[in-house]
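# Per-entry structural report
Chain residues, written in single-letter form:
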Amino acid sequence: MTTWNLGPVDRIALGEGRAYRAGEHEVAVFRTRTGGLFATQARCPHKQGPLADGIVGAHQVICPLHAYTFDLHTGCPKNGTCEALRTYEVEVNSAGDVLLHL
C-alpha cells in the first residue's frame with residue numbers, strides 16, 4: 001500500500017469534491033458538510049463523468065453527466081445500472097493534511 005499526502009484538507013470545501021492525481025491514479029476526494037472524508041475513482045464508470053464536480057450530500061455523490069447516485073461509503077450505485085465505484089481509504093493526519101492510501 002502506498003500513502004499519498006494530498007495537502008491541507010481545507011482545500012476541499014465542505015459539501016464538495018476535488019480531483020487529484022496520485023501516481024497513475026485519478027482520485028476524487030469528497031468532504032461532506034458534516035466533515036466526513038471519502039475517496040473514490042475520479043470518473044463515473046458509465047460515461048466518465050468527473051465525479052469531483054458532482055453534487056455531494058448525505059454521504060452520496062451524484063454524477064454531473066447522468067445523475068446516477070453513488071454511496072460514498074461503499075461506492076455502490078443507489079440508482080441506475082452503473083457499476084460500483086472503487087473506493088479508497090483516506091484520513092486526515094495531525095497536521096491537517098489528507099492522506100490517501102492506495
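So, how was this worked out
Within each chain, residues carry numbers counting from 1 in the order of the written sequence. The model is predicted, so local features are restricted to residues of pLDDT at least 70 and side-chain atom pairs to those at 80 or more, both for listing and for counting; the totals for chains, interfaces and linings are taken over all residues. Here the side-chain values reflect all heavy atoms present in the structure, with hydrogen atoms and water set aside. Definition of nonpolar core: a set of buried residues of the types Ala, Val, Leu, Ile, Met, Phe, Trp, Tyr and Cys, connected through side-chain atoms within 4.5 Å. Only protein chains enter the area calculation, which uses a 1.4 Å probe; residues under 20% of their type maximum are buried, those over 50% are exposed, and those in between are partly exposed. Between two residues, a contact is recorded if the distance between any of their heavy atoms is within 4.5 Å. DSSP-based pairing: two strands are paired if at least 2 bridges between them are found. Helix and strand definitions here come from DSSP, where helices need a minimum of 4 consecutive H or I residues and strands a minimum of 2 consecutive E residues; each element is numbered from the N-terminal end. Fitted lines through C-alpha atoms serve as axes, helices being fitted only where they are in contact, and the angles separating the N-to-C directions of these axes extend from 0 to 180 degrees. UniProt positions are given in the numbering used here, feature names are shortened, and annotations may be inferred rather than shown by experiment.

A few words now on the nonpolar core. Among the nonpolar cores identified, the biggest contains 14 residues, and F30, C44, L51, V61, F70 and L72 are the most heavily contacted of them. Leave out the neighbours within four places in its chain, and L51 touches F30, T40, Q41, A42, R43, C44, V61, C63, P64, F70 and L85. Within the second largest apolar cluster, 13 residues are counted, among which are L6, V27, A39 and L100.

A word on the sheet that holds strand 6 (residues 60–62). Read from one edge to the other, the open sheet built from 3 strands follows the order 5-6-7, with strand pairing classed as antiparallel. The sheet terminates laterally at strand 5 (55–57) and strand 7 (69–71), the two strands that pair on one side only. Neighbour-to-neighbour, the strand axes of this sheet turn through a mean angle of 20°, independent of strand direction. Direction of pairing for strand 5 relative to strand 6: antiparallel, over a ladder of 3 bridges. Its bridge partner lying in strand 6, V56 is registered against V61.

For the rest of this paragraph, the subject is the pairing of strand 4 (residues 37–41). Of all 5 residues making up strand 4, 5 are buried, and the element is well covered by its neighbours. Sheet analysis places strand 3 (residues 25–31) next to strand 4, joined by 5 bridges and oriented antiparallel. If you follow V27 over to strand 4, its bridge partner there is Q41. Relative to strand 8 (residues 87–92), strand 4 is paired through 2 bridges, and the arrangement is antiparallel. The residue bridging A39 from the neighbouring strand is Y88, located in strand 8.

This brings us to the UniProt feature "domain: Rieske" (unreviewed entry) in the protein chain. Those residues carrying the UniProt feature "domain: Rieske" (unreviewed entry) are residues 4–99 in this numbering. Secondary structure over residues 4–99 splits into 0% helix and 44% strand, and the C-alpha atoms at its two ends are 6 Å apart.

It is worth spelling out the pairing of strand 9 (residues 97–101) at this point. Strand 9 sits mainly inside the fold: 5 of its 5 residues count as buried. Along strand 9, one buried face is formed by D97, L99 and H101 and the opposite face, lined by V98 and L100, is buried too. For strand 8 and strand 9, the ladder comprises 4 bridges, and the chain directions are antiparallel. Within the sheet, the bridge partner assigned to E91 lies in strand 9 and is L99.

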